[in-house]
Amino acid sequence: MPALNVEFSDRELEDLRQIAKERGTSMKALVREAAAADIARHRALQEGAEAFRRFFASHADEFAAAFPDDEPAVKDEGRVV
């Protein structure tokens, strides 16, 4: 399995040791869990944003009608100002 060396300050390292000890796990497992959780969170946010974009695009006319003041101004040639 590929590995990654990560540098921590003395304080961060001591905090990691303490947290790992309190949780009854290794520092390696603690850091891996934190990274995996952040990856999962990032993916979920990306998927949520994409779902919102699809929803908004499919309901753009409804949003424009409901919130006309938020629509961009349009010049004569159909360009946004």
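Reading guide: rules and limits
- Residues numbered from 1 in each chain as written.
- Predicted model: local features only at pLDDT ≥ 70, side-chain atom pairs only at ≥ 80, totals over all residues.
- Heavy atoms only, no water.
- Helix = DSSP H or I, 4+ residues; strand = E, 2+ residues; numbered from the N terminus.
- Expected span 1.5 Å × (residues − 1).
- Axes fitted to C-alpha atoms, helices over the stretch in contact; angles between N-to-C directions.
- Parallel < 35°, antiparallel > 145°, perpendicular 65-115°, else oblique.
- Contact = heavy atoms within 4.5 Å.
- Nonpolar A, V, L, I, M, F, W, Y, C, P; charged D, E, K, R; others polar.
- pLDDT = per-residue confidence, 0-100.
- Patch = residues over 30% accessible without salt bridge, like charges linked within 9 Å, V, L, I, M, F, W, Y side chains within 5 Å.
- Areas by Shrake-Rupley, 256 points an atom, 1.4 Å probe, with all protein chains shown as cover.
- Salt bridge = Lys/Arg side-chain N within 4 Å of Asp/Glu carboxyl O.
- Buried < 20%, exposed > 50% of the residue type's maximum accessible area, 1.4 Å probe, protein only.

1. Some points on helix α1 (residues 10-23)
Spanning 14 residues, α1 covers 20 Å between terminal C-alpha atoms, matching the ideal 20 Å at 1.5 Å per step. Immediately beyond the C-terminal end of α1, within one or two residues, lies Gly24, with a positive phi of roughly 70°.

2. With respect to the packing of α1 against helix α2 (residues 27-58)
One way to put it is that α1 packs onto α2 with a least axis distance of 9 Å and a crossing angle of 95°. Comparing the axis directions of α1 and α2 gives the class roughly perpendicular. When α1 is examined against α2, the residues Leu13, Leu16, Arg17, Ile19, Ala20 and Arg23 are found in contact with a partner set consisting of Met27, Leu30 and Val31. When grouped by side-chain class, the residues that make up the contact of α1 with α2 number 7 nonpolar, no polar and 2 charged.

3. A closer look at the confidence of the model for the chain
Here the chain shows a mean pLDDT of 92. Residues at 70 or above account for 91%. Within the chain, the lowest mean pLDDT, 94, falls on helix α3 (residues 60-66), and the highest, 98, falls on α1.

4. Some remarks on a nonpolar patch on the surface
On the surface, Leu4, Val6 and Phe8 cluster together to form a nonpolar patch covering roughly 300 Å² of accessible area. Classification of Leu4 by relative accessible area gives exposed; the value is 71%.

5. Looking at the pattern of salt bridges
Counting across every chain of the model gives 4 salt bridges. Close ionic contact of Arg11 with Asp15 constitutes a salt bridge, the shortest N to O distance being 3.3 Å. Here Asp15 and Arg11 lie together in helix α1, a separation of 4 residues that amounts to about one turn. Given a relative accessible area of 61%, Arg11 falls into the exposed group. Residue classification places Asp15 among the partly exposed positions, given a relative accessible area of 33%. Measuring nitrogen to oxygen at the nearest pair gives 3.3 Å for the salt bridge that ties Glu50 to Arg53.

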